[in-house]
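What follows is the residue order along each chain.
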Amino acid sequence: MSDFWNFPYPSQRVPVLADNVVATSQPLAAAAGLRMLARGGNAVDAALATAIALTVVEPCMNGIGGDAFALIWDGSTLHGLNASGRAPRRWTPGHFSRYEHMPPIGWDSVTVPGAVSGWRATWERFGTLPFEDLFEPALQYAREGFTVSPTVHRQWQAQVPVLSGQPGFVEAFAPTGRAPLPGERFICPGQADTLERIARSKGEDFYHGELAAKIAAHARNTGGLIEEADLAAHRADWVEPIRMTYRDVELYEIGPNGQGIGALMALGMLDHLDMKGIAPDSAEATHLQIEAMKLAFADLQAYVGDPATMTEVSAEHLLDRAYLSRRAALIDPAKASNPGPGKPHSGGTVYLTVADRSGMMVSFIQSNFKGFGSGVVVPDTGIALHNRGWGFTLKDGHPNQVGPGKRPFHTIIPGFLMRNGAPLASFGVMGGSMQAQGHVQMTSRLADFGQNPQTACDAPRWRVMDDNATVAVEWNCPPETVEGLRARGHRVEVAPRGSLEFGGAQIAMRMPHGYAAASDFRKDGYPVGF
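By the naming in an unreviewed UniProt entry, the chain is Glutathione hydrolase-like YwrD proenzyme, taken from Cupriavidus respiraculi.

So, in structure tokens, the structure goes:
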């Protein structure tokens, strides 16, 4: 690939200020949402058109065969939607006894996809345009093809060598043996027909019709256990969001089986610490946030799973302010820790946000988990099946132990901020375990340091890695902050410029007049509005 698609210089963005806004990681998808708003649709109509288009134009990070979650402010109330799928009924612990760990790809990582059910449930409750209209932009991209953007190419190409052995992947997403190059036009065979079926049937075909039969047949033919009955039994659930007060704002998240509770726990600890007078990118501020996040992750790994099986430690126990005060007391301002779980009282993702003139705000996230997901693609449909089953554990008796009909621990989380009972911002930071950490960093930048939404997106980020000890920081993290973290005992790795490990934020913030919408420079997208 020539140097034409290199971008060697840092850029500065400014937020879009408008009465109606859409922000997501791919510009063609943002345009899809804007088309619905211009047609007279509301924020939900625009969010769904954006989400559906993303399955076509950013398939390396989400798809028709993924899961979804949403937080929706309807003008007076905040609603939560959990459209994550459950394990097939044949997924017994015995079936996985031959593994040391849950497999990351292949059929034994595929739970029932829930995104399509989330589209329908959201539209049924809040949509105003005809359901089929929401598919028009995506269908245009699917039929005529779309030109691939640079970051999407990088994410796509990285997965081709890993997933090429999975049934159906190469034929659908790497027919030339590689990812399409930036600027190349790409069409996935069968994807338009699939989206048309979903549109005409309002999603029924995916769970009860021909598409369901094709998914189950592909499983029977290539070693999977998912059956028609598993798809037919699926449902999306409207849920009560959980929340945590931090300074003068409240952060709302979807509760377990998601990791959003981790962001709330970390903020609940930080709320007991004095951040006044600390610079936002200093070693002191970064250290305190990292230590709170590590404590929260230790509890997530020990206690969080499908809420139906969290019988000894509940979400309420983990969010108890007294418990979080005790956890905060473990944070040493001068020293890194290697924490284990506490003892509470016991008994590659896409994100988008849309806000409209009426005051409706939507925080929406959907994912195939790791990039394309399992790598399994249903022939002639463009349905790449997620690998969300990887989120289970094989540990006997753990609340997140794999089992039939259970929802696995989930990383994708939409966020929503309120201030004094009024909506402040709908936002998200896509990217695996980066998401809860990103929510903490974004909330702190807004609440502690008064930064504008684009600055909060642009600022250098840190990430506690999966060992819950190593800390990665971006290439532009101040050198004195890196040295200050190392002096406190942190094992710090400075990532190269262009690393995709720090997520991608999108945000719409309520202003006295309209909204300020911002989009992360780490992705290809930008905010749009009118």
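Helix and strand content of the chain: 17 helices and 21 strands. Computed over its C-alpha atoms, the radius of gyration of the chain comes to 22 Å, within 12% of the 24 Å expected for a compact globule of 530 residues. Sorting the 530 residues of the chain into buried and exposed places 64% on the buried side. Approximately 18,900 Å² of the chain is accessible, and the part contributed by carbon and sulfur atoms is 52%. Of the side chains in the chain, 45 bear a positive and 53 a negative charge, and the two mean positions are spaced by 1 Å.

Summed over the entire model, instances satisfying the criterion amount to 31 salt bridges. R39 is paired through a salt bridge with E136; the nearest N and O atoms lie 2.8 Å apart. Pair noted here: R39 is in the loop between helix 1 (27–38) and helix 2 (43–57) and E136 is in helix 4 (residues 136–144), with a separation of 97 residues, a long-range link. When its relative accessible area of 39% is taken as the criterion, R39 is described as partly exposed. Its relative accessible area of 31% is what places E136 among the partly exposed residues. Notably, a salt bridge pairs R243 with E250, separated by 3.6 Å at the nearest N-O pair. Several salt bridges converge on common partners, so that one network encompasses R86, R235, D237 and R407.

All of the buried residues in helix 14 (residues 321–328) are Y323, L324, R327 and A328. Seen along its axis, helix 14 keeps its buried residues to an arc of 140 degrees; they face one direction. In the core, the buried residues of helix 14 are packed alongside strand 8 (242–246), helix 11 (260–270), helix 12 (283–303) and helix 13 (315–318). At the N-terminal boundary of helix 14, the capping side chain belongs to D320, with an oxygen 3.2 Å from the backbone nitrogen of A322.

Applying the stated criterion to the full structure yields 17 aromatic pairs. With a centroid separation of 5.8 Å and an interplanar angle of 80 degrees, the aromatic rings of F126 and W238 are classed as edge-to-face. With F126 in helix 3 (residues 115–126) and W238 in strand 7 (residues 237–239), the pair connects residues that are 112 residues apart, well separated along the chain. Residue class for F126 comes out buried when judged on its relative accessible area of 10%. The exposure class of W238 is partly exposed, given its relative accessible area of 31%. Through successive ring pairs, a cluster of aromatic residues spans F146, W156, F169, F173, F186 and F372. Seen from the ring of W238, R125 lies directly overhead, with NZ or CZ sitting 4.6 Å from the centre.

Glancing now at the sheet that holds strand 18 (residues 491–494). Strand order in the open sheet made by the 3 strands is 16-17-18, with mixed pairing throughout. A single partner strand is all that each edge strand has here, and the edge strands are strand 16 (462–464) and strand 18. Across the sheet, the mean angle from the axis of one strand to that of its neighbour is 25 degrees, orientation sign disregarded.

It is worth spelling out the pairing of strand 18 at this point. One ladder, built from 4 bridges, connects strand 17 (residues 470–473) with strand 18; its direction is parallel. Paired with T470 across the bridge in strand 18 is R491.

As a further point, take unusual backbone geometry. We note that K202 has phi near 55 degrees; this positive angle belongs to a residue other than glycine. Along the chain, K202 turns up in the loop between helix 7 (191–201) and helix 8 (204–208). K202 sits in the partly exposed class, given a relative accessible area of 31%.

Turning our attention to the packing of helix 12 against helix 17 (residues 479–487). In the contact formed by helix 12 and helix 17, the axes pass within 8 Å of each other and the chain directions differ by 50 degrees. By the criterion of interaxial angle, the relationship of helix 12 to helix 17 is oblique. Pair helix 12 / helix 17 crosses with right-handed handedness. Counting all contacts with helix 12, which are made through A283, T286, H287 and I290, the residues of helix 17 involved are E480, T481, G484 and L485. The class makeup of the residues in the contact of helix 12 with helix 17 is 3 nonpolar, 4 polar and 1 charged.

The next thing to look at is the packing of helix 4 against helix 7. Following both chains from N to C, one finds helix 4 and helix 7 inclined at 155 degrees, their axes separated by 8 Å at the closest point. Regarding the angle of helix 4 to helix 7, the classification is roughly antiparallel. For helix 4 against helix 7, the interelement crossing comes out left-handed. Facing A138, L139, A142 and R143 of helix 4, the residues of helix 7 in contact are Q191, A192, L195 and E196. Across the contact of helix 4 with helix 7, the residue classes tally to 5 nonpolar, 1 polar and 2 charged.

By size, the foremost hydrophobic cluster in this structure holds 82 residues, and its most contacted members are W119, F135, W156 and F173. Here the element with the most residues in this core is helix 2; it accounts for 12 residues. Once you skip the residues sitting within four places of it in the chain, W119 turns out to touch L48, A51, I52, T55, F131, F135, I198, F364 and Q366. By size, the runner-up hydrophobic cluster in this structure holds 62 residues, among which are A263, F297, V440 and V482.

Basis of the calculations
Residues numbered from 1 in each chain as written. Predicted model: local features only at pLDDT ≥ 70, side-chain atom pairs only at ≥ 80, totals over all residues. Heavy atoms only, no water. Helix = DSSP H or I, 4+ residues; strand = E, 2+ residues; numbered from the N terminus. Rg over C-alpha atoms; globule rule 2.2 N^0.38 Å. Buried < 20%, exposed > 50% of the residue type's maximum accessible area, 1.4 Å probe, protein only. Areas by Shrake-Rupley, 256 points an atom, 1.4 Å probe, with all protein chains shown as cover. Lys, Arg positive; Asp, Glu negative; His and termini not counted. Charge placed at Lys NZ, Arg CZ, Asp CG, Glu CD. Salt bridge = Lys/Arg side-chain N within 4 Å of Asp/Glu carboxyl O. Arc of directions from axis to C-beta. Contact = heavy atoms within 4.5 Å. Polar contact = N/O pair within 3.5 Å; in protein donor to acceptor, adjacent residues only side chain to side chain. Phe/Tyr/Trp six-rings, centres within 6.5 Å; stacked < 30°, edge-to-face > 60°. Lys NZ or Arg CZ within 6 Å of the ring centre and 35° of its normal. Pairing = 2+ DSSP bridges. Axes fitted to C-alpha atoms, helices over the stretch in contact; angles between N-to-C directions. Parallel < 35°, antiparallel > 145°, perpendicular 65-115°, else oblique. Left-handed = near helix turned anticlockwise from the far one by under 90°. Nonpolar A, V, L, I, M, F, W, Y, C, P; charged D, E, K, R; others polar. Core = buried A, V, L, I, M, F, W, Y, C linked by side-chain atoms within 4.5 Å.

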